[in-house]
Amino acid sequence: MDDEQHVDDAPAPSRAEESRSEDEQGRGQDADESDEDDDSSASGSSSSRRRRRRRRRSGDAAAEADHGTADDPERTVVKVREPRKKEEREPGTGFDEVQSIKGSTRMEAKKQRRREGREQGRRRVPIITEAEFLARREAVERVMVVRQSGERTQIGVLEDNVLVEHYVNKEQATSYVGNVYLGKVQNVLPSMEAAFVDIGKGRNAVLYAGEVNFEALGMAHGPRRIETALKSGQSVLVQVTKDPIGHKGARLTSQVSLPGRYLVYVPEGSMTGISRKLPDTERSRLKTILKKIVPEDAGVIVRTAAEGASEDELRRDVERLQGQWEDIQKKAKGTSGSNAPTLLYGEPDMTVRVVRDIFNEDFSKVIVSGDEAWETIHGYVSHVAPDLTERLSRWTSEVDVFATYRIDEQLMKALDRKVYLPSGGSLVIDKTEAMIVVDVNTGKFTGQGGNLEETVTRNNLEAAEEIVRQLRLRDLGGIVVVDFIDMVLESNRDLVLRRLLECLGRDRTKHQVAEVTSLGLVQMTRKRVGQGLLESFSETCVHCNGRGVIVHMEQPTSVGGGGGGKKSKKRGRGGAGQDHEHGQDHEHGHGHDEHAAEPAETEAELAAEVAAPVAVEPEVAADEEFYGSPAEAEAAATRRGRRRASRKASAPAERPEGRRVRPGLRGSRRRDPARAGPRHPRRDPGRRDPRHGGRRGSRGTGRGRAPGASAPSGHP
């Protein structure tokens, strides 16, 4: 106790000296001479109270490592370094090689994501209460607008007269999602844990190991390897889950599910689930009904539209879907002998599919424009949901229904890269191959009072609502990264994230939002099903292949100190009426051909051109009839002699052969071009400068051509 107090009461310089001496002794000691160092320093350790570290061999006892030996002085710190294990530091033992896992990589990744989710405390979406369910329903007024024009049918979903979702059906871009095929396996890639299946659509679809129904194939307890379950040339029953996007083929699954009005029928499943958007009271009622009507060898997933449905309605839905599955099995057995892929079940038209999945009690009305669309929707709703028939209304006006509800105007804005917020801020949405990137800017929004933190937070709150709307309207999927403006307070970050999650509660598409990263980014994922709004109304540019730029490996050159630029500018003004194509390399090509025949300039001429601009006056052939009298011709010759040096600086280095020289100018004064400095011609107030397209001098001294223009034929 006295020793500890003595050490604590030691002055600061003494402790600094101890630490320095400790480092010096630690660097100077060796493992083989540690005993001699201990004996030599033991005598002086009591006076200076120095601490030191010792290196010991790996064979020293653990007791000596903890308590030291009798030869050690008082307050000696002993640090024993454990040697590396031999299997960790020797190459070829596994620590520097690629590792593999047992079983399926994709299934192991799915287990790992679930494990990480439990460790981080992420839970599923909580079940809402009855009050929250009713409040969410009455929060906004939802209207569905359907317009049919020719073979194209468009459906818009409006919330408080704002377009939030859009669906379009084109004949050349029909969706395959939900269709059931009897496909033929083309090849199996064990290293990719995937199989490519021909479904008769030209491009092979891909079936991953995680989507294979091993229980139906009798491999529930064995190793789940796709190469043991599927072979090349084998027929397999698959369902499309994603349409082809870009260079990727359609995604398949062998776990078939048939959607209905109130529930989704899973023929070979055993689990029963209920939408978590329904309150507890409704969930308990539906559970009681499902125990009576669901077969033992099948499972169902109850949709949100089943809220308030009676037992008879649910039973009819289950029986109808069960009959569809029996028909699919009969067709599969009947066509098993043929090698060609076969469509066993096709999803209904896009109009019926959207009405089946979306239209429920939350919508106040559905406006339909088009005779065929009206007959389809009215017949379907009357059959499956007669209580909602009164909410259907037919559009009979001559005015376009999309123009009345300003849907086309909102679609045009949604196709743009930049989105403006009502307060003055803006969003910039870019789509890449890997992810969707959203940047939030304040723009013209400067706030009203307060400080920067308050202004930024208000802008981010408004941007969070608009980002969710743009994701739904543009049908963007995959990884989405949002770069909000940096906020200092943690409470403000939580407020923006909570607003984002509240707005995503109206989105039917499956999504997941991660925490804010260290760089202030919000990461989220949204299930990608369709091709997107921009892809539905656009095509890839043939000039740039969608990059937006034209790449020139060789830059076009201009000879004459920028004369080519003037020419191209003149051509641009003159050709304003022509169509502006995406690539303009043909203009550069013309300019290069015109200058190809001209000789190169000398260094003196380039220096004179860079020093100051020089007015270039074209020469014409000698012709005495251009002058009114000999005196006028002599005066013109004198003026031209004074300007010859400046004109020589910008003229070609070699004079073309056969050039005619005006009589009387051979003996005029000439200056050396190398010593000729830039000289501006004298300007007469009564004459126009030739650089502006006018004439200079008296009649006959010039043609009025602009500098850089080509000379008439016969006059080089």
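Residues numbered from 1 in each chain as written. Predicted model: local features only at pLDDT ≥ 70, side-chain atom pairs only at ≥ 80, totals over all residues. Heavy atoms only, no water.

> Help me understand the overall build of the chain in this model?
For the chain, the count of helices and strands is 22 helices and 21 strands. Residues classed as buried in the chain amount to 34% of the 716 residues present. Residue pairs at least 24 apart in sequence account for 64% of intrachain contacts in the chain once pairs closer than 6 positions are excluded. By element, 49% of the accessible surface of the chain is carried by carbon and sulfur atoms, the whole surface being about 44000 Å². (Helix = DSSP H or I, 4+ residues; strand = E, 2+ residues; numbered from the N terminus. Buried < 20%, exposed > 50% of the residue type's maximum accessible area, 1.4 Å probe, protein only. Contact = heavy atoms within 4.5 Å. Areas by Shrake-Rupley, 256 points an atom, 1.4 Å probe, with all protein chains shown as cover.)

> It is not clear to me how helix 15 (residues 452–474) should be interpreted in this structure. Could you clarify?
Think of an α-helix as 3.6 residues a turn; residues three or four steps apart then line up on the same face. Its 23 residues place the ends of helix 15 32 Å apart at the C-alpha level, agreeing with the 33 Å of an ideal helix rising 1.5 Å per residue. After helix 15 finishes, the residue Asp 475 shows a positive phi value of roughly 55°. (Expected span 1.5 Å × (residues − 1).)

> How do you make sense of the nonpolar core when you look at a structure like this?
Looking at soluble globular proteins, one finds that nonpolar side chains tend to be buried together. Met 144, Val 146, Leu 314 and Phe 359 are the most contacted members of the largest nonpolar core, which has 52 residues in total. When sequence neighbours within four positions are dropped, the list of residues in contact with Phe 359 reads Met 144, Arg 261, Val 354, Val 366, Val 381, Leu 388, Arg 391 and Leu 392. (Core = buried A, V, L, I, M, F, W, Y, C linked by side-chain atoms within 4.5 Å.)

> Looking at this structure, I do not really get the pairing of strand 3 (residues 162–169). What am I missing?
The two faces of the sheet receive side chains in turn, since in a regular strand these alternate between them. Pairing between strand 2 (residues 152–159) and strand 3: seven bridges, direction antiparallel. Opposite Val 157, over in strand 3, you have Glu 165 as the bridge partner. In textbook terms, the turn of a hairpin is the stretch between consecutive antiparallel strands, and for strand 2 and strand 3 this stretch comprises two residues, one of which, Asp 160, has a positive phi near 55°. (Pairing = 2+ DSSP bridges.)

> Can you help me understand the packing of aromatic side chains in this one?
Aromatic rings considered in pairs are described by the distance between their centres and by the relative angle of their planes. What the rule picks out here adds up to one aromatic pair. Its end group placed over the ring of Phe 402, Arg 147 keeps NZ or CZ at 4.1 Å from the ring centre. (Phe/Tyr/Trp six-rings, centres within 6.5 Å; stacked < 30°, edge-to-face > 60°. Lys NZ or Arg CZ within 6 Å of the ring centre and 35° of its normal.)

> It is not clear to me how the sheet that holds strand 1 (residues 142–149) should be interpreted in this structure. Could you clarify?
For sheets, the rule is that strands pair by backbone hydrogen bonds, running either parallel or antiparallel. With respect to topology, five strands assemble into an open sheet ordered 3-2-1-14-15, the strand pairing being mixed. Two strands bound the open sheet, and with one partner strand each, they are strand 3 and strand 15 (392–394). Across the sheet, the mean angle separating the axes of adjacent strands is 20° when strand polarity is ignored. Note that strand 1 and strand 14 (residues 363–369) share six bridges and pair parallel. (Axes fitted to C-alpha atoms, helices over the stretch in contact; angles between N-to-C directions.)

The quantities given are spatial measurements derived from coordinates; they are silent on function.
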